[in-house]
Structures are given as C-alpha cells and as structure tokens.
Amino acid sequence: MSEMRLVVAGAAGRMGRMLVQVIHETPGVMLCAALEHEGSIALGQDAGLLAGAGKLNVEITSDPLEALAKADGLIDFSSPAATIAYAALAAQARIVHVIGTTGLGAEDIEKIDAAARHATIVRSGNMSLGVNLLAGLVKKVAQTLGEDFDIEIVEMHHRMKVDAPSGTALLLGEAAAKGRNIDLGARAVRARDGHTGARIPGDIGFATLRGGTVVGDHQVVFAGTGERIELAHRAEDRGIFARGAVKAAMWAHGRKPGHYSMADVLGLSDI
C-alpha cells in the first residue's frame, strides 16, 4: 500500500514543526505539502529543515488549492477562520481533515458539519490518548454521581495561548455534561468575580490559568460533602498531540465522510 500523503497547515508554528517531525518518523505516511499564511517569513523554506527533521524537499507555500490537490489528508492546528476555509477545501477535494484547532464557535461547528458531508473529518480539542481516556472517565463519574457533587474544571497553559477555556477543558466539560444529560452551554460558568452568590447546583465551573511554558495541565474536581474526587492529566510534550493527530489521519484514511472524534479513533466511544 502506498504512503498516505499529508499536508500540514501552519507548518512553521510549534505544532506544525512537531507534526512535520512526527510524519517524517511514522511509517505509512509522508509529507507532501506544508502551508503557511500569506506574508509568513517561512514561505519558500524547506519544511523539514525548519522542523529539524532534515531536508524533505517540501517547500512551505501559501497555496492550499495546489497542496490539497495532491494530498490524501490535511492536519490542521491553525485558527478558527483558517480551519473553516480548509474544511471547505477538504470537502471539495474529498480528503481527510484532522482538526486540532481550538476556539471554534457554534457557527464554526455547523460549517464543519456541512463539510463533513464530503470530507472525512476528525476533530478534537485534544488529540492525546490520555486526555480522551480521561474524558471517558469524567463522563462515567459524572453519570454515577448526582448533583450533590459539584464539578469544577481547572486548566493551565503557557503564556502565549490565546483562547480560554482551552479546547481540552471544554472537551472535558462536554464529557461531564453528557454524563449528567445536561447542556454545557446552559450550565457552564466560565468566570466568577465579585459577589457571585452561592454556587448553583448542577453548574459546571471553569478556571483558567496562564503562565510560563506549561504545555497543558487539566484537572476535573468532583466536590461533594466531606469528600472530593480529582481526575487529572498533565501534558509534558507536544509530541503527544502530533502523534495522536497522525494516528487520527491514518485511521480516517479510506473511511466514509463524516464528523468523527478521537473517541472514535481510539475506540473509546462506548465509555
């Protein structure tokens, strides 16, 4: 079987460079193109040299149409606006689109759903095995415990992260909400300041910390009367996200169009 031809969006960024490295090291896949935005100082550079993977003879370009025309899949940890544009192009090309972009809104998800009629899309706020297993556990614990246990989600990332709460925190919040059979949008509390009054039973709280070079720490607290259950995940290496994204692309290759999650990829949907 021939190697799966992959395109990396945002190839000059931290995640993009890591993805180039992981693709180069993974049997069964190859880097066929690398994308950056117009005006990027990385345009024209060899993606492999920039990523520290050695020369790959793949120049970074700003033309997604040409890149996707020769690809089997696109891995995308970019921005919401760029991701929506890429999703439409992936649908036209009928290829795999792995989305690790965070900060997507409800309207963005609707557009991704529309693209998934023709593209095979795998989207997750976090691509790591550990976080997705944690989400399954959070759903189960939330389902088991009643509203006597308050749910709070605490996350910390590096000082350069631009969206809050993190995509992973929202992923965990959605898992908790599904376990409780409630709508996260209606029950999420994302900020507390001043005289807030007593906590409303059934709400799911979020606390966001930013600083230093933290890759990603997440903790879900189930606080009851006289006892607490705490589930946590700490990411120490961005490589876990890149390896998960490449695994997702390989899993999706040849599958019918649709909007899938990492739980599907990892066989955790029944947790």
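Reading guide: rules and limits
Residues numbered from 1 in each chain as written. Predicted model: local features only at pLDDT ≥ 70, side-chain atom pairs only at ≥ 80, totals over all residues. Heavy atoms only, no water. Helix = DSSP H or I, 4+ residues; strand = E, 2+ residues; numbered from the N terminus. Rg over C-alpha atoms; globule rule 2.2 N^0.38 Å. Buried < 20%, exposed > 50% of the residue type's maximum accessible area, 1.4 Å probe, protein only. Contact = heavy atoms within 4.5 Å. Phe/Tyr/Trp six-rings, centres within 6.5 Å; stacked < 30°, edge-to-face > 60°. Expected span 1.5 Å × (residues − 1). Polar contact = N/O pair within 3.5 Å; in protein donor to acceptor, adjacent residues only side chain to side chain. Salt bridge = Lys/Arg side-chain N within 4 Å of Asp/Glu carboxyl O. Pairing = 2+ DSSP bridges. Axes fitted to C-alpha atoms, helices over the stretch in contact; angles between N-to-C directions. Parallel < 35°, antiparallel > 145°, perpendicular 65-115°, else oblique. Left-handed = near helix turned anticlockwise from the far one by under 90°. Nonpolar A, V, L, I, M, F, W, Y, C, P; charged D, E, K, R; others polar.

### Overview of the overall build of the protein
Then, number 1: Per the secondary structure count, the protein includes ten helices and twelve strands.
Then, number 2: Taken over the C-alpha trace, the protein has a radius of gyration of 19 Å; the compact-globule value for 271 residues is 18 Å, and the two agree within 12%.
Then, number 3: Seen through its C-alpha atoms, the protein measures out along the principal axes to roughly 60 × 40 × 30 Å.
Then, number 4: Residues counted as buried form 48% of the 271 residues belonging to the protein.
Then, number 5: If you take every contact in the protein between residues at least 6 apart in sequence, the share linking residues at least 24 apart comes to 69%.

### Remarks on the packing of aromatic side chains
Then, number 1: Summed over all chains, the structure comprises one aromatic pair.
Then, number 2: For the pair Trp251 and Tyr260, a centre-to-centre distance of 5.2 Å together with 80° between the ring planes defines the contact as edge-to-face.
Then, number 3: Looking at Tyr260, the relative accessible area reads 17%, which means it is buried.

### Let's talk about helix α1 (residues 14-25)
Then, number 1: Over its twelve residues, α1 extends 17 Å from the first C-alpha to the last, a length consistent with the 16 Å expected when each residue adds 1.5 Å.
Then, number 2: Those residues of α1 not exposed but buried are Met15, Gly16, Leu19, Val20, Val22 and Ile23.
Then, number 3: Its buried side turned inward, α1 meets β1 (4-9), β2 (29-35), α2 (47-51), β4 (73-76) and α9 (239-252).

### What about the environment of Thr83?
Then, number 1: Mapped onto the secondary structure, Thr83 falls in helix α4 (residues 80-93).
Then, number 2: We classify Thr83 as buried; its relative accessible area is 0%.
Then, number 3: A sequence separation of 29 residues divides Thr83 from Ile112, and the C-alpha atoms of the two residues are 8.7 Å apart.
Then, number 4: Other than its neighbours up to four places away in sequence, Thr83 contacts Asp76, Ser78, His97, Ile99, Thr101, Leu104 and Ile112.
Then, number 5: Side chain to side chain, Thr83 and Asp76 meet in a polar contact 2.9 Å long.

### Observations regarding the pattern of salt bridges
Then, number 1: This structure, assessed with the given rule, holds eight salt bridges.
Then, number 2: Close ionic contact of Arg199 with Glu152 constitutes a salt bridge, the shortest N to O distance being 2.6 Å. A residue pair is termed long-range when its members are at least 10 positions apart, and Arg199 in the loop between β8 (188-189) and β9 (204-210) and Glu152 in strand β7 (residues 150-157) qualify at 47 residues.
Then, number 3: Arg199 sits in the partly exposed class, given a relative accessible area of 29%.
Then, number 4: With a relative accessible area of 19%, Glu152 lands in the buried category.
Then, number 5: Where Arg187 meets Asp203, a salt bridge forms, and the shortest distance between an N and an O atom there is 3.1 Å. Placement of the pair is Arg187 in helix α8 (residues 184-187) and Asp203 in the loop between β8 and β9, with a sequence separation of 16 residues.
Then, number 6: With a relative accessible area of 21%, Arg187 lands in the partly exposed category.
Then, number 7: Via salt bridges that share partners, Asp150, Glu152, Arg192 and Arg199 belong to a single interconnected network.

### Thoughts on α9
Then, number 1: With 14 residues, α9 ought to run about 20 Å at 1.5 Å a step, and its terminal C-alpha atoms sit 20 Å apart, in line with that.
Then, number 2: By the criterion of burial, α9 is predominantly enclosed, with ten of the 14 residues buried.
Then, number 3: The set of residues buried in α9 consists of Gly239, Phe241, Ala242, Gly244, Ala245, Val246, Ala248, Ala249, Trp251 and Ala252.

### Some remarks on the sheet that holds strand β11 (residues 228-235)
Then, number 1: Across the sheet, five strands lie side by side as β8-β9-β7-β10-β11; this open sheet has mixed pairing. Across the chains shown, the open sheet's two edge strands, defined by having one partner strand only, are β8 and β11.

### Focus on the packing of helix α6 (residues 129-144) against helix α7 (residues 167-180)
Then, number 1: Where α6 meets α7, the closest approach of the two axes is 7 Å, and the angle between their N-to-C directions is 30°. Of the possible angle classes, the one that applies to α6 and α7 is roughly parallel. Taken as a pair, α6 and α7 cross one another with a handedness that is right-handed. Here α6 contributes Val131, Asn132, Leu134, Ala135, Val138, Lys139, Ala142 and Gln143 to the contact with α7, which in turn contributes Thr168, Leu171, Leu172, Ala175, Ala176, Lys178, Gly179 and Arg180.
Then, number 2: Among the residues forming the contact of α6 with α7, the class breakdown is nine nonpolar, four polar and three charged.

### Digging into the environment of Arg234
Then, number 1: By the secondary structure assignment, Arg234 is in strand β11.
Then, number 2: Arg234 sits in the exposed class, given a relative accessible area of 57%.
Then, number 3: Considered as a pair, Arg234 and Val131 are 103 residues apart in the sequence and their alpha carbons are 8.8 Å apart.

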